[in-house]
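Below, each chain spelled out in residue letters.
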Amino acid sequence: MQTIEDQINSCMSMANLTKDISLELQTEEQSIEIQSIEIQQQLNREPVQVKYSENQLQEEDIMKSQWQVINKVWNCTIFNQAVISKESYQNLCETYYLLNKLHQKAIELTKMYNEVADFLPRFFQAIKITFIGILQLEQIGLITNDKDIMSKSINEEYNINLNTKKLNQKAICILLEFVIAHVLSHISVLFETIQVRREKQELRSLVIYLSKLQTCLEQLPGAAKLDNDDIFCYDRTDPRWQGLNSIIKEVVLGTREQISNSYGKVAEGILLANAMISKGSEFNNETAKNVMQGFGALYYLVAKKDAKLKADHFMAEPNKNLVFKAWNLGESGFLSKLLPLLFPMITYNKKIYIPQLFKRLVQDNILRQYKEDKINRIQNDCGECINNNLPSCPELFTKNKEKIPVRVLCHYNLQEIQTDSFMQQSLKLLQGQKVFDKIVIHIHGGGFVSMSSRSHQTYTRKWAKNLQVPIFSIDYRKAPEDPYPFGLDDCWQAYMFIMNYIDKYFNIKPKKVVLVGDSAGGNLVAALTIQIIKSGARIPDGILMAYPALCLDIKQFTPSLLISLNDPLLHHTVLKLCISSYVPEQFDAKLDPLMSPSIASDEILVRFPPTRIVLGTNDPLHDESFRLANKLLKLGKDVKIIEYKWMPHGFLSFDVIQGMKEAEQTVLDAQHIIQNLLTC
């Protein structure tokens with residue numbers, strides 16, 4: 001039987017670092033060649049000792065004040081101070097010191113409380129995560145000293161392997177400053193508290209902060225490799241922002257405190273949903289689950305602090321099925337019956353079921369484009385109809401799982417044409433039947449995994465009524481059952497059918513069309529526009545994207561992603577789950593603009609229609625919209641951004657009773673944008 005020392009030794013071996021945490025390291029037992037320290041792994045009797053050079057920190061030193069720490073870390077010689085900024089040096093050294101300190105503390109706690117079953121796996125997890133962080137910082141140390149890195153020491157996804165000139169010090173500082181202030185400091189306090197008491201609250205908090213640290217370390221290679229010319233490496237007063245600043249309209253809907261309090265009410269509902277699902281998940285019996293979810297709802301309505309901790313713990317290590325179930329509470333079960341109470345009245349609301357008549361977006365075709373280096377180039381070969389077998393009008397309204405559901409909303413009772421005779425259709429139109437020549441095609445959000453056109457009717461019905469144009473809202477297939485490119489193909493097929501054949505079924509002849517989407521739907525709007533341009537099909541007259549997800553490369557760092565570490569809606573673990581569910585392993589989000597529209601080539605972007613983006617500053621997806629806008633601007637394209645100060649992700653959906661009062665104006669602003677795009 002292994003001793004606790006053997007278990008500690010084993011958990012730091014490269015062969016076992018993959019267990020219990022999702023950091024996928026190499027299975028070979030290798031260690032990084034380091035300049036200033038040597039990790040002692042012989043743990044027969046003594047704890048692991050981290051040996052420092054004469055000028056470096058000793059583990060037994062206690063942090064008595066911030067000033068003392070700064071003085072100590074400035075003596076750290078692993079990083080070459082001559083080639084990096086003072087700010088970078090200080091952040092690297094302080095993080096390195098704290099990671100080593102926590103690493104040693106985790107080992108001590110593991111030995112002290114090796115019989116405390118609930119805590120022991122978390123102490124091992126802390127040992128592993130801090131060890132990975134130490135190795136990553138040592139890689140940066142080698143880079144600053146122009147030393148070669150043994151790239152196989154850590155899996156390629158976690159390697160920081162580049163030269164000093166390409167090292168993005170600004171991005172590293174942004175990330176490490178957050179880690180020091182908001183993660184490592186909390187873990188340090190927790191470790192001290194755990195020595196006094198080991199209750200469920202401390203265990204949950206430890207899980208939450210270890211999860212945050214893991215996400216930050218996953219982002220560190222991306223921060224180090226971020227292009228040094230990236231706009232977010234500069235303040236908005238820098239000349240590089242001059243052009244972008246001219247197209248940004250900043251809107252303040254309230255004070256920071258007012259908006260925070262307003263969002264707090266929405267967040268309580270989100271946390272309650274997560275806590276309910278989490279409580280129910282503790283039981284195997286389906287009846288017991290439902291009962292405990294209801295009991296949990298009543299309890300957590302009163303005990304809001306417990307609800308937050310329970311929800312945060314649930315989100316720290318989320319079960320994919322349970323998280324997506326929480327996101328879909330409004331689509332099924334009891335809550336789905338209450339949702340219509342929030343919808344405005346609308347005259348016409350029916351679903352049609354669109355067949356797949358055009359060249360499909362399928363895996364083989366996309367992978368071939370990868371191989372031929374055509375994925376980011378115009379091909380003019382995808383627009384032709386491959387099936388002229390159009391459905392009859394009754395068939396179009398008949399539910400069919402093989403077809404694409406599209407919700408049609410209108411302030412006016414649309415004329416459903418029941419005959420195939422073109423002459424009879426024309427006669428009806430000549431007799432005075434109103435013909436709509438402007439339409440909106442809407443693609444809903446939900447992280448590619450949840451929600452539908454139904455749940456977004458809180459605002460799409462308002463638009464249909466006030467704009468007085470038909471709105472087609474696409475219910476595309478969702479991950480994880482149907483990952484990329486299925487959902488995008490549904491949007492493509494629906495767009496092509498509507499633009500080419502909808503006049504055969506309704507009194508609609510679209511001369512103007514605007515695409516609108518939020519969050520994941522914003523991604524699909526941009527990706528659909530790219531596909532339309534690539535294919536040579538009819539380009540929409542404008543697009544509106546609300547807080548879109550424009551880069552699905554999970555390792556791409558940007559400062560706004562740090563917001564997700566504390567965001568109740570777009571939580572960092574859920575963000576990773578959504579992306580991993582939508583993006584299959586065989587596809588590459590780093591080179592495929594149909595997944596990451598912000599990387600679209602100039603050849604494609606120069607054909608983009610007028611583009612409008614609305615977003616909030618308190619949104620994890622905030623930054624990527626500016627990168628896309630900057631590229632469009634440099635190409636002379638018509639692009640504008642409305643940036644709502646302090647507003648969160650998902651604000652269009654919060655314009656409901658007991659929602660955010662500030663969201664009402666955002667829905668009206670989006671409506672005005674659509675109106676202008678339809679009339680310009």
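Under an unreviewed UniProt entry, the protein chain has the name Alpha/beta hydrolase fold-3 domain-containing protein and belongs to Paramecium primaurelia. Regarding the protein chain, the relevant UniProt record gives this comment under Sequence similarities (unreviewed entry): "Belongs to the 'GDXG' lipolytic enzyme family."

## Section: the overall build of the protein chain
What the protein chain contains, in helices and strands, is 22 helices and eleven strands. Per-residue burial over the protein chain gives 57% buried out of 680 residues. Taking the contacts inside the protein chain whose residues are at least 6 apart along the sequence as the reference set, 79% of them involve residues at least 24 apart.

## Notes on the pattern of salt bridges
Considering all chains together, one arrives at 19 salt bridges under this definition. Residue aspartate 230 is joined to arginine 627 by a salt bridge in which the shortest nitrogen-to-oxygen separation is 2.6 Å. With aspartate 230 in the loop between α6 (200-225) and α7 (242-247) and arginine 627 in helix α21 (residues 622-634), the pair connects residues that are 397 residues apart, well separated along the chain. Each member of the salt-bridge network shares a partner with another, and the members are Lys105, Glu108 and Glu192.

## A closer look at the pairing of strand β9 (residues 542-546)
Within a regular strand, side chains alternate between the sheet's two faces. Across the five residues of β9, five count as buried, placing the element largely inside the fold. Of the two faces of β9, the one lined by Gly542, Leu544 and Ala546 and the one lined by Ile543 and Met545 are each fully buried. As defined by bridge partners, strand β8 (residues 508-518) adjoins β9 across five bridges and the pair is classed as parallel. The partner of valine 516 across the bridge, within β9, is leucine 544.

## What to know about the packing of aromatic side chains
Under the defined criterion, the tally for this structure stands at 19 aromatic pairs. Between the aromatic rings of tryptophan 241 and phenylalanine 626, the centroid separation amounts to 5.9 Å while the plane-to-plane angle is 55°, which identifies the pairing as tilted. Residue tryptophan 241 is found in the loop between α6 and α7, and its partner phenylalanine 626 is found in helix α21; the two are separated by 385 residues along the sequence. Grouping residues by exposure puts tryptophan 241 and phenylalanine 626 together as buried. Cluster of aromatic residues (ring-pair linked, three or more members): Tyr370, Phe448, Tyr484, Tyr582 and Phe587.

## What about the sheet that holds β8?
Strand order in the open sheet formed by nine strands is β3-β11-β10-β9-β8-β6-β7-β5-β4, with mixed pairing between adjacent strands. Strands with a single pairing partner mark the edges of an open sheet, and in this sheet they are β3 (248-251) and β4 (348-354). Neighbour-to-neighbour, the strand axes of the sheet open up by a mean angle of 25°, direction not taken into account. In this fold helix α16 (residues 457-467) packs onto β4, β5 (404-410), β6 (436-443), β7 (471-474) and β8, with an angle of close to 50° to the strand it touches most, β5.

## A closer look at the packing of helix α1 (residues 4-11) against helix α4 (residues 120-144)
Relative to each other, α1 and α4 sit at 40°, their axes nearing to 9 Å. Here α1 lies oblique to α4, going by the angle between them. Handedness of the α1/α4 crossing: right-handed. Along its contact with α1, which presents Ile4, Gln7, Ile8 and Cys11, the element α4 presents Leu120, Phe124, Ile127 and Lys128.

## Observations regarding the packing of helix α3 (residues 86-112) against α4
Two numbers describe how α3 lies on α4: the axes approach to 9 Å, and their chain directions differ by 155°. Comparing the axis directions of α3 and α4 gives the class roughly antiparallel. Here the hand of the crossing between α3 and α4 comes out left-handed. Where α3 approaches α4, its residues Leu92, Thr95, Tyr96, Leu99, Asn100, Leu102, His103, Ala106, Ile107, Leu109 and Thr110 are matched on the opposing element by Leu120, Phe123, Phe124, Ala126, Ile127, Thr130, Phe131, Gly133, Ile134, Leu137, Glu138 and Ile140. Class assignment for the residues of the contact of α3 with α4 results in 16 nonpolar, six polar and one charged.

## Some words on the side chain of glutamine 369
With respect to the helices and strands, glutamine 369 occurs in helix α13 (residues 363-371). Its relative accessible area of 4% is what places glutamine 369 among the buried residues. A distance of 2.8 Å separates polar atoms of two side chains, one belonging to glutamine 369 and the other to lysine 534. The residues touching glutamine 369, leaving out its near neighbours within four places in the chain, are Lys374, Ile375, Gln379 and Lys534.

Reading the values: the criteria
Residues numbered from 1 in each chain as written. Predicted model: local features only at pLDDT ≥ 70, side-chain atom pairs only at ≥ 80, totals over all residues. Heavy atoms only, no water. UniProt positions renumbered as here; feature names shortened; annotations may be inferred. Helix = DSSP H or I, 4+ residues; strand = E, 2+ residues; numbered from the N terminus. Buried < 20%, exposed > 50% of the residue type's maximum accessible area, 1.4 Å probe, protein only. Contact = heavy atoms within 4.5 Å. Salt bridge = Lys/Arg side-chain N within 4 Å of Asp/Glu carboxyl O. Pairing = 2+ DSSP bridges. Phe/Tyr/Trp six-rings, centres within 6.5 Å; stacked < 30°, edge-to-face > 60°. Axes fitted to C-alpha atoms, helices over the stretch in contact; angles between N-to-C directions. Parallel < 35°, antiparallel > 145°, perpendicular 65-115°, else oblique. Left-handed = near helix turned anticlockwise from the far one by under 90°. Nonpolar A, V, L, I, M, F, W, Y, C, P; charged D, E, K, R; others polar. Polar contact = N/O pair within 3.5 Å; in protein donor to acceptor, adjacent residues only side chain to side chain.

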